[in-house]
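Residue-level structure breakdown
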Amino acid sequence: MDSKELSDKLVLWIKERVLSAGLKGAVFGMSGGIDSSVIAVLSKMAFENSSLGLIMPCYSIEQDEQHAKAVASKFAIETRKIALDSLYDSVIQIMSGVLESPLSKLTQANIKARLRMITLYSHANQLGYMVIGSGNKSELVTGYFTKYGDSGVDILPLGNLVKAQVRDLAAYLGIPEEIISK
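Before going into details, it helps to say that this report is about the structure given with it. (Residues numbered from 1 in each chain as written. Predicted model: local features only at pLDDT ≥ 70, side-chain atom pairs only at ≥ 80, totals over all residues. Heavy atoms only, no water.)

Overview of the sheet that holds strand β4 (residues 129-131)
Overall, parallel pairing links the 4 strands, which are arranged β3-β2-β1-β4 in an open sheet. The open sheet has two edge strands, β3 (79-81) and β4, and neither has a second partner. Direction aside, the axes of adjacent strands within the sheet are offset by 25° on average. When strand β2 (residues 51-55) meets β3, the two strands line up parallel, connected through 3 bridges. Of the residues in β3, the one forming a bridge with G53 is T79. Strand contacts of helix α2 (residues 34-46): β1 (25-29) and β2, with the helix running at about 165° to β1, the strand carrying the most contacts. (Pairing = 2+ DSSP bridges. Helix = DSSP H or I, 4+ residues; strand = E, 2+ residues; numbered from the N terminus. Axes fitted to C-alpha atoms, helices over the stretch in contact; angles between N-to-C directions. Contact = heavy atoms within 4.5 Å.)

Details of the environment of V91
Its location among the elements puts V91 in helix α4 (residues 85-99). When the C-alpha positions of V91 and I111 are compared, they lie 8.1 Å apart, and in sequence the two are 20 residues distant. Ignoring anything within four residues of it in the chain, the contact list for V91 reads I111 and L115.

Examining a nonpolar patch on the surface
The grouping of I94, M95, V98 and L99 at the surface amounts to a nonpolar patch, some 380 Å² of accessible area in total. Relative to the assigned elements, L99 resides in helix α4. (Patch = residues over 30% accessible without salt bridge, like charges linked within 9 Å, V, L, I, M, F, W, Y side chains within 5 Å. Areas by Shrake-Rupley, 256 points an atom, 1.4 Å probe, with all protein chains shown as cover. Salt bridge = Lys/Arg side-chain N within 4 Å of Asp/Glu carboxyl O.)

Overview of the side chain of T119
Residue position: T119 is located in helix α5 (residues 105-127). At 2.8 Å, the side chain of T119 forms a polar contact with the backbone oxygen of L115. In this structure T119 touches L54, M56, I82 and L84, once residues within four positions along its chain are discounted. (Polar contact = N/O pair within 3.5 Å; in protein donor to acceptor, adjacent residues only side chain to side chain.)

Examining helix α1 (residues 3-20)
Compared with an ideal rise of 1.5 Å per residue, which puts 18 residues at 26 Å, α1 spans 25 Å between its outermost C-alpha atoms and is within 8% of the ideal. Here α1 has its buried residues at S3, L6, S7, L10, V11, I14 and V18. Seen end-on, α1 carries its buried residues on one side only, within an arc spanning 130°. Close packing links the buried residues of α1 with β1, α2, β4 and α7 (163-173). Just beyond α1, the residue with positive phi is G22, at close to 75°. (Expected span 1.5 Å × (residues − 1). Buried < 20%, exposed > 50% of the residue type's maximum accessible area, 1.4 Å probe, protein only. Arc of directions from axis to C-beta.)

Written out as structure tokens, the structure is:
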């Protein structure tokens, strides 16, 4: 299947899943990476006037936010920025006190992903939108995700695509090369 056919099928599938659930649009995280950029563009194609990208930095690299904003600007995707740093600090402080020890790096990383999931679902519930995830087959097969974090979504349109297929799709959609190659 070529990239155009794949893109068309994914857009239709996203639209069908959202509408069959009685919802009216799509909300998704925009990390500045290739997977979330592809999801943002596909979701915008499915719901031109009712799609929302959330940029949720949490002690994140500035370049990632710049990349997310570049995709949003290029494809006219509505975004909201919700900085999660202070919320993350509060959770870390509370949990460190309760557990009486510093939290591991893995625990801290998982907290970030779970705070993003909470933020996505808060918007989805308020707007009547579906949460569209960006996990791909390569990540799902290797277990490279956070349970109840970045895997805590309603649908995963890229869930049957390996990373090489996501790259091909990104190139077809016109995602900037610096995002595809990073």
